[in-house]
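Secondary and tertiary structure notes
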Amino acid sequence: MRINDRGYRSTFVGLVSILSTLFLAPAVLAEPELGIEASTQSTNISHRLLRPKRTEPAVTVGQKVEMLTDEERSRLSQSDNIDIPKLPREDWPSPIGDNQTYYLLLLDQLEYRVNDGEDIFNWDAISWIGGDYQRLWIKTEGDVGLDTGDGEAELQLLYGKLIAPFFDLQAGIRYDQVYSSDGGPARASGVIGIQGLAPYLFELDTALFVSQDGDISFRFGAEYQLLLTQRLILQPEFETNIAIQDVEEFGVGSGLNDIELGLRLRYEISRKFAPYVGVNWTRKFGDTAELAEEEGESTDNFALVGGLRLLF
């Protein structure tokens with residue numbers, strides 16, 4: 001049978017109190033002050049019996065001070081006017097760098113395109129340098145025919161500022177150059193746009209262009225990185241261009257210009273080196289399609305692609 005330890009202790013303490021009172025009662029009647037002392041002794045005896053034993057190790061004041069953080073030391077010094085000893089400078093933790101400069105160079109597409117007509121070499125690259133809130137961006141894309149050498153190139157130089165988590169507001173200039181055997185036109189444009197990572201990890205890139213002649217156009221692009229495995233990644237892409245005015249020398253008509261869809265499957269041997277294969281489809285619309293037909297170009301093109309994705 002299990003004995004109730006607390007009940008046993010209470011009973012024992014009660015008996016001790018009664019016996020103390022009986023033995024000390026005469027003294028209490030004879031001397032009131034002695035009675036007070038006897039009562040106090042009886043109470044102390046009871047408290048000692050009921051008091052739990054402490055087994056915590058003794059911690060000195062100096063050890064407690066060393067356990068405080070710098071913030072706790074500062075708060076105690078200010079609120080309670082306590083002189084808290086400070087750690088030596090050589091024992092301070094390393095400062096957290098919150099103003100460092102980073103950079104990135106991503107050659108997203110360096111590829112060979114097998115078209116219905118002339119095969120071309122295509123590139124698309126992006127680079128930035130700066131911190132978490134302000135960056136200098138460089139974007140370039142273009143293509144060149146492998147038989148004729150004709151093609152076009154675009155270069156953007158932008159200043160970007162973080163305006164929301166994962167989104168940069170970008171502004172700068174864009175330069176377009178068309179290459180052909182007869183020479184090609186060129187133009188400069190002002191750029192303002194937003195680039196960032198939308199919910200569900202969709203990468204968005206939008207921009208409004210105003211050329212040196214006042215021609216206005218708009219571009220919207222989106223892509224997604226679908227991880228089939230940790231190294232095998234499927235990358236769908238979408239891009240469209242819209243123009244307000246006709247610019248015949250660049251083959252641009254007013255309205256919806258074109259739509260481009262791409263699907264690339266890459267294998268990341270490392271994060272910095274990834275070969276890929278895929279397909280790309282482009283379709284021109286409206287006045288832009290009519291201008292292309294007048295130049296003898298196709299308005300609909302399907303291409304097989306293969307190339308490298310490099311990250312520095």
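Residues numbered from 1 in each chain as written. Predicted model: local features only at pLDDT ≥ 70, side-chain atom pairs only at ≥ 80, totals over all residues. Heavy atoms only, no water.

**Looking at the pattern of salt bridges**
- Under the definition given, this model contains 17 salt bridges.
- Taking the shortest distance from any N to any O, the salt bridge between Glu154 and Arg219 comes out at 2.9 Å. On the criterion of sequence distance, the pair formed by Glu154 in strand 4 (residues 151-164) and Arg219 in strand 8 (residues 216-224) is long-range, its members being 65 residues apart.
- With relative accessibility at 11%, the residue Arg219 sits in the buried group.
- For Asp300, the salt bridge identified is with Arg283, shortest N-O distance 3.9 Å. Taken together, the residues span a long stretch of sequence, with Asp300 in strand 13 (residues 300-311) and Arg283 in strand 12 (residues 273-284) at a distance of 17 residues.
- On the basis of relative accessibility, which here comes to 32%, the residue Arg283 falls in the partly exposed class. (Salt bridge = Lys/Arg side-chain N within 4 Å of Asp/Glu carboxyl O. Helix = DSSP H or I, 4+ residues; strand = E, 2+ residues; numbered from the N terminus. Buried < 20%, exposed > 50% of the residue type's maximum accessible area, 1.4 Å probe, protein only.)

**Section: the packing of aromatic side chains**
- The tally for this structure, following the rule as stated, stands at three aromatic pairs.
- Residues Phe202 and Tyr224 carry aromatic rings whose centres are separated by 4.9 Å and whose planes lie at 40° to one another, so their mutual orientation is tilted. Here Phe202 is found in strand 7 (residues 202-211), whereas its partner Tyr224 is found in strand 8, with 22 residues between them in sequence.
- The cationic tip of Arg187 hangs over the ring face of Phe250; the distance from NZ or CZ to the ring centre is 4.4 Å. (Phe/Tyr/Trp six-rings, centres within 6.5 Å; stacked < 30°, edge-to-face > 60°. Lys NZ or Arg CZ within 6 Å of the ring centre and 35° of its normal.)

**Regarding the nonpolar core**
- Core analysis: the largest hydrophobic core is formed by nine residues, namely Leu106, Ile126, Trp128, Trp137, Leu158, Val191, Ala207, Phe209 and Leu311.
- At the level of secondary structure, the elements contributing two or more residues to this core comprise strand 2 (120-130) and strand 7. (Core = buried A, V, L, I, M, F, W, Y, C linked by side-chain atoms within 4.5 Å.)

**Remarks on the side chain of Thr288**
- With respect to the helices and strands, the residue Thr288 is situated in helix 5 (residues 286-294).
- Residues in contact with Thr288, not counting those within four places in the same chain, are Gly251, Val252, Gly253, Leu256 and Asn257. (Contact = heavy atoms within 4.5 Å.)

**Some thoughts on the environment of Gln177**
- Along the polypeptide, Gln177 turns up in strand 5 (residues 167-179).
- For the pair Gln177 and Leu155, spaced 22 residues apart in the sequence, the C-alpha separation amounts to 8.8 Å.
- Apart from the residues within four sequence positions on either side, Gln177 is in contact with Gly151, Glu152, Ala153, Gly184, Pro185 and Ala186.
- Among the polar contacts listed, one links the side chain of Gln177 to the backbone oxygen of Gly184, at a separation of 3.3 Å. (Polar contact = N/O pair within 3.5 Å; in protein donor to acceptor, adjacent residues only side chain to side chain.)

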